[in-house]
Structures are given as structure tokens and as C-alpha cells.
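The chain contents come next:
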Amino acid sequence: EAAEQVLSDDPNTPALNDPTSFLTGTPPRLSLVKRVEDLNGGSVEPGDVLRYTLTARHEEGATATQVRITDPIPRGLTAVSPLDGGSLVSNNILWSLGDLNQDRREVAVRFEATVSAQSSDGERIANQALIRANNIEEVGRSDDPSTSELGDPTVITVSSRAELSVALKRVS
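Residues numbered from 1 in each chain as written. Predicted model: local features only at pLDDT ≥ 70, side-chain atom pairs only at ≥ 80, totals over all residues. Heavy atoms only, no water.

This paragraph deals with the overall build of the chain. A tally of regular secondary structure across the chain gives 0 helices and 11 strands. Starting at the N terminus and walking to the C terminus, you meet the elements of the chain as β-β-β-β-β-β-β-β-β-β-β. For the chain, the proportion of its 172 residues judged to be buried stands at 33%. For the chain, long-range pairs separated by at least 24 residues make up 70% of all intrachain contacts whose partners lie at least 6 apart in sequence. Total accessible area on the chain stands at roughly 11200 Å², and carbon and sulfur atoms take up 48% of it. (Helix = DSSP H or I, 4+ residues; strand = E, 2+ residues; numbered from the N terminus. Buried < 20%, exposed > 50% of the residue type's maximum accessible area, 1.4 Å probe, protein only. Contact = heavy atoms within 4.5 Å. Areas by Shrake-Rupley, 256 points an atom, 1.4 Å probe, with all protein chains shown as cover.)

Next up, the structure:
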């Protein structure tokens, strides 16, 4: 007696009688590094323009599909200008990077913002972005490479000390 052949159906798709597929091999692993540069130079002061550079990297494994970066804009930054195809939606910058894999390992995106005139001396502005891909369940967080801690936000400290000068007037 011949055995009857039964096709599988992938319960994760709306199509009927489509094959169930499984990912084999090493799952994709991504990293996201964020650096900040004060374009005015010197200490970070109210009114200074900062440039943030985010570098997404495919570290290993299968292709990471439809990679996206979301960067929430922290309090203390104004006049935000997304670069490299980013778009400002509400209080977030969004970038769609496409797929990352062994052939296309790294993509860098940037944005510029001004330190708020209302920022006070010693105020810390912490900024951390998120990275996602369609085939990765975990949401990754950006890392500040200037510190030894992994997965920490990129932080700048505002210096807004008043500059005083003394003028002497001699009356005769």
C-alpha cells in the first residue's frame, strides 16, 4: 500500500499549503556604534552644533533583512537635521538601511542637532539609538565606543559657565 503524501502549511503566513521554512545556520548578529562630534570644537556649549554618526555593522551569520535604526531625540537638542536618508517622525529619526550581510557589512548614517540655549552647566545629554531587522527578535541598542561599558548611551556634558571680565576705571 502506498503512503499518502501530505504537504505542510506554514502557520505564519496567510497562504494555504505553502511550505514551512526554517532558518538554518548562524542567525544574524548586528552591532550599532554611535559617536558624537562638536562641530564648533572645544567644550560643548549651548548653541553648539553636534554631529552624531551611527554605524550599523553585520557582525556574523545570515543576512539581516530590512535593517532599521530608530533614534529618539533627547531633551536638550534642537534644530535636528537627519542626514543620509533619515526622516524625522515625531521625536525620532528613522533610517531604513535594507539588508546587511557579509557582502554589505557596514552602513553609517548621521544627523546634526544644536545644543539648546536653555541647557545648563553640567547638564548631561544622553542619546541611544535602537537597531532592528525583520529576522532578528531582539532590539539592539547603540554603544558609545569612547567608554569601556558595552551598550551604553552616547553622552555629552554641557559647559555653560558665564564668562566674566573685570574692567577697572581710574577716576582722577
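This model, assessed by the stated rule, comprises 7 salt bridges. Notably, a salt bridge pairs R57 with E106, separated by 3.2 Å at the nearest N-O pair. Of the two residues, R57 sits in strand β2 (residues 49-60) while E106 sits in strand β7 (residues 106-115), which places them 49 residues apart along the sequence. Among the salt bridges present, the one from E123 reaches R75, with a minimum N-O distance of 3.6 Å. Taken together, the residues E123 in the loop between β7 and β8 (124-127) and R75 in the loop between β3 (64-72) and β4 (77-82) connect sequence positions 48 residues apart. On the accessibility criterion, R75 (71% relative accessible area) is exposed. Through salt bridges that share partners, R57, E59 and E106 make up one connected network. (Salt bridge = Lys/Arg side-chain N within 4 Å of Asp/Glu carboxyl O.)

Taken as a whole and judged by the stated rule, the model has 2 aromatic pairs. When the centroid spacing of 4.7 Å and the interplanar angle of 10° are considered together, the rings of Y52 and F111 count as stacked. In this pair, Y52 sits in strand β2 while F111 sits in strand β7, placing the two residues 59 residues apart along the sequence. An identical accessibility class is assigned to Y52 and F111; each is buried. Seen from their ring centres, W95 and F111 are 6.5 Å apart, and the 40° between their planes marks the pair as tilted. Residue W95 is found in strand β6 (residues 92-100), and its partner F111 is found in strand β7; the two are separated by 16 residues along the sequence. With relative accessibility at 2%, the residue W95 sits in the buried group. Of the aromatic side chains, those joined through ring pairs into one cluster are Y52, W95 and F111. (Phe/Tyr/Trp six-rings, centres within 6.5 Å; stacked < 30°, edge-to-face > 60°.)

This paragraph deals with the nonpolar core. Y52, L54, V67, I69, W95, L97 and F111 are the most contacted members of the largest nonpolar core, which totals 28 residues. For this core, the secondary structure elements donating two or more residues are β1 (29-38), β2, β3, β4, β6, β7 and β9 (130-133). Per element, the largest residue contribution to this core is 5 residues, and it comes from β7. Here W95 is in contact with L54, V67, R68, I69, D71, L83, D84, G85, G86, V109, R110 and F111, once residues within four sequence places are set aside. (Core = buried A, V, L, I, M, F, W, Y, C linked by side-chain atoms within 4.5 Å.)

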